[in-house]
Amino acid sequence: TLNWNDLPVEIKYDVVTRLSVQDTATFSKSCREAYILSVPTLYRDVRLSSNKSLQTFLRTVPTTHCRHVRSLSIDMAGASCPTSATTDLSNLLAQCTQVAELDLRVPGLLKPSVIPYFQPLHLLKKLSIKSCLDDDKHPLSERLVVSIAASVPNLTHLILDGICRSAMHAPELVGTSPFVPVVLGDTDVPTHPILGDHLSLPSLLSIPTLLELRIRDSHLGDNHWSTVVPRCKLETLEIGSCCYESPEFNSSCAQRIIDVAGKSVKDLSLSSALSSDVKTRLTLNRLNKLRVTSLLPVEELAETLTALSDSPVEVLSLECHEDDLEEQCLGLSDFLDACDGIEKRPFVSRLRRVSLETVEDVLD
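All of these numbers come straight from a predicted model, not from anything done at the bench.

Draft legend 1. A look at the overall build of the chain. Across its full length, the chain carries ten helices and 14 strands. Expressed as lengths along the three principal axes of its C-alpha atoms, the size of the chain is roughly 75 × 55 × 40 Å. Within the chain, residue pairs in contact and separated by at least 24 positions form 70% of the contacts whose partners lie at least 6 positions apart. Approximately 18,000 Å² of the chain is accessible, and the part contributed by carbon and sulfur atoms is 51%. With 35 positive and 48 negative side-chain charges, the chain shows a spacing of 10 Å between the two charge centroids.

Right under this line is the structure:
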């Protein structure tokens, strides 16, 4: 009978890949060979919970280990120096060239010099960027974020959260009510080789490989959403809302984005109401999953569902706060009652599952 030491390296490695991360960590401490075999598993999924953790990782982990990283999550909370934060993130990206999923919580103080470090990441498919600092103090510029996303060669999934408009693209917002946070110091973001200087959020639709786009807690009032010509065919779209603007404003923004990008969408998430007016009613022929978040006013649920009643939705997911549960159920009931007797209405005829979930209040 062969013992462990007699097994070929290939078989040993195959055995290690079948272990859990915890078991692999324990096994790696048994001998030097075990550690070498364990490195790809131990560094496949890396999560850095603070800027200090990022700096420690750069200081202590051999650069050769970084090529094994496939999923990377970085929270740069605590970063205060623009130069140091930009250098640290750039150095880590330069080492993790095989990363496929990247989750960033970054401060608005990052410098544009970090952008070129995203270009060599050919395996990167999923990118999430969220602001980790207060919008009023360190707003995360749409110009920086759009340039980063457009620089990833094969990006398919993009999630943005807490992105601020640039004064270059939204001068009408500067110093005027409702005083939406605007970035003033991002003129140093260089011209992009494909997008040029059009680095506002609507330009994200010019990324040809993009299949999923989720934008949360960001101002979506750019008029260029109406004129941009999409180069991508989105399958998943999430449209958030801006807490500084009125529900009516957010609704008009959502309507405009869906008009432009919704034709290919199969999975739609909404945080703003849609108008059921016949003239603006939407028909999304590929839509089969609809999610309504707790941010959508419950009194607008029935009208929003009516606006999409000509779309073949099969799965409907509703979210609301516990205090709004009864009213949410009434809104759904009103919609179904209104559709009762209407033949061949795609939403009602194709609907096969409805789920209702209560969510906790952020302030609780």
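Draft legend 2. Expanded view of helix α6 (residues 142-151). Counting buried residues in α6 gives ten out of ten residues, a clear majority hidden from the surface. When we look at burial in α6, the residues that qualify are Glu142, Arg143, Leu144, Val145, Val146, Ser147, Ile148, Ala149, Ala150 and Ser151. Looking at the buried positions of α6, the neighbouring elements they touch are β4 (126-131), β5 (140-141), β6 (157-161) and β7 (163-166). Capping of α6 at its N-terminal end is provided by serine 141; its side-chain oxygen lies 3.0 Å from the backbone amide nitrogen of arginine 143.

Draft legend 3. Structural view of the side chain of serine 128. Mapped onto the fold, serine 128 is located in strand β4. Residue classification places serine 128 among the buried positions, given a relative accessible area of 16%. Polar contacts involving the side chain of serine 128 include one to the side chain of aspartate 103, which spans 3.5 Å.

Reading the values: the criteria
- Residues numbered from 1 in each chain as written.
- Predicted model: local features only at pLDDT ≥ 70, side-chain atom pairs only at ≥ 80, totals over all residues.
- Heavy atoms only, no water.
- Helix = DSSP H or I, 4+ residues; strand = E, 2+ residues; numbered from the N terminus.
- Contact = heavy atoms within 4.5 Å.
- Areas by Shrake-Rupley, 256 points an atom, 1.4 Å probe, with all protein chains shown as cover.
- Lys, Arg positive; Asp, Glu negative; His and termini not counted.
- Charge placed at Lys NZ, Arg CZ, Asp CG, Glu CD.
- Buried < 20%, exposed > 50% of the residue type's maximum accessible area, 1.4 Å probe, protein only.
- Polar contact = N/O pair within 3.5 Å; in protein donor to acceptor, adjacent residues only side chain to side chain.

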